[in-house]
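For reference, the chains in residue letters:
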Amino acid sequence: MAYGYWQKMDSLSPQQRHFCMSRIRGKNTKPEMIVRRWLWSQGFRYRINDHRFIGKPDLVLKKWKTVIFVNGCFWHGHAECGRFRLPKSNVQFWQDKISRNQQRDAANYLQYRLNGWQVIVVWECQLLPAVRQQTLQQLTAVLDKIVLSSSSVASASAELEKESSQYLEGEENLSIAAEESPGYNS
Ligand SMILES: [Zn+2]
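Residues numbered from 1 in each chain as written. Predicted model: local features only at pLDDT ≥ 70, side-chain atom pairs only at ≥ 80, totals over all residues.

Student: So what's going on with the nonpolar core? Which residues, and what values?
Tutor: Of all hydrophobic cores here, the largest spans 17 residues; its most connected members are Leu59, Ile68 and Val122. The set of elements that each furnish at least two residues to this core consists of strand 2 (59–61), strand 3 (66–71), strand 4 (118–123) and helix 5 (129–180). (Core = buried A, V, L, I, M, F, W, Y, C linked by C-beta atoms within 7 Å. Buried ≥ 20, exposed ≤ 12 C-beta atoms within 10 Å, placed from the backbone. Helix = DSSP H or I, 4+ residues; strand = E, 2+ residues; numbered from the N terminus.)

Student: Describe the environment of Thr135, naming the residues involved and giving the relevant values.
Tutor: With respect to the helices and strands, the residue Thr135 is situated in helix 5. In contact with Thr135, other than residues within four places in its own chain, are Val122, Gln126 and Leu127. (Contact = placed C-beta atoms within 7 Å.)

Student: Any details on the sheet that holds strand 1 (residues 47–48)? Residues and values, ideally.
Tutor: Strands sit in the order 1-2-3-4 across an open sheet of four strands; the sheet is mixed. Unpaired on one side and paired on the other, strand 1 and strand 4 mark the two borders of the sheet. Bridge count for strand 1 against strand 2 is two bridges, and the pairing is antiparallel. Paired with Ile48 across the bridge in strand 2 is Leu59. Against the sheet, helix 3 (residues 31–41) contacts strand 1, strand 2, strand 3 and strand 4, and its axis sits at roughly 145° relative to strand 3. (Pairing = 2+ DSSP bridges. Axes fitted to C-alpha atoms, helices over the stretch in contact; angles between N-to-C directions.)

Rendered as structure tokens:
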């Protein structure tokens, strides 16, 4: 199973691990690249790492008022994740650092939500080969829902416009009929 590769990485020395990671990076399979490529292939268009947005989201889908963060499990302190383990030395330092990151993330997400934006967080561990496809499909499903709900608002207002234009057309027809009716000119 592909997941075994990542488990194996935990038994490597930091140097070996760094080498592994840089090999992976070199092949452009960084977590955010996986998400970008997938969404592009699904027809979504986005901005990347736009610094004008709070917390510099990995992807901004402005049209759908949605930001996507692709978070590393360690730095962002993914609690329910086997990949998040504090180093054995300087425990307090790391604990403080990671919890500051978590608090900052939570504050950022709240800002977006208060402003009517959708926030999607994809964790690095959810993009491991064994679960990647499932995660990406879920991501599309979530985005489809967002698109659908914003286009149902749009189509509701389009319905309204249609109704009022039908009403106008009706009026026009009426006046044409009146012109054509015999006796109008006489
Ligand atoms: Zn994780």
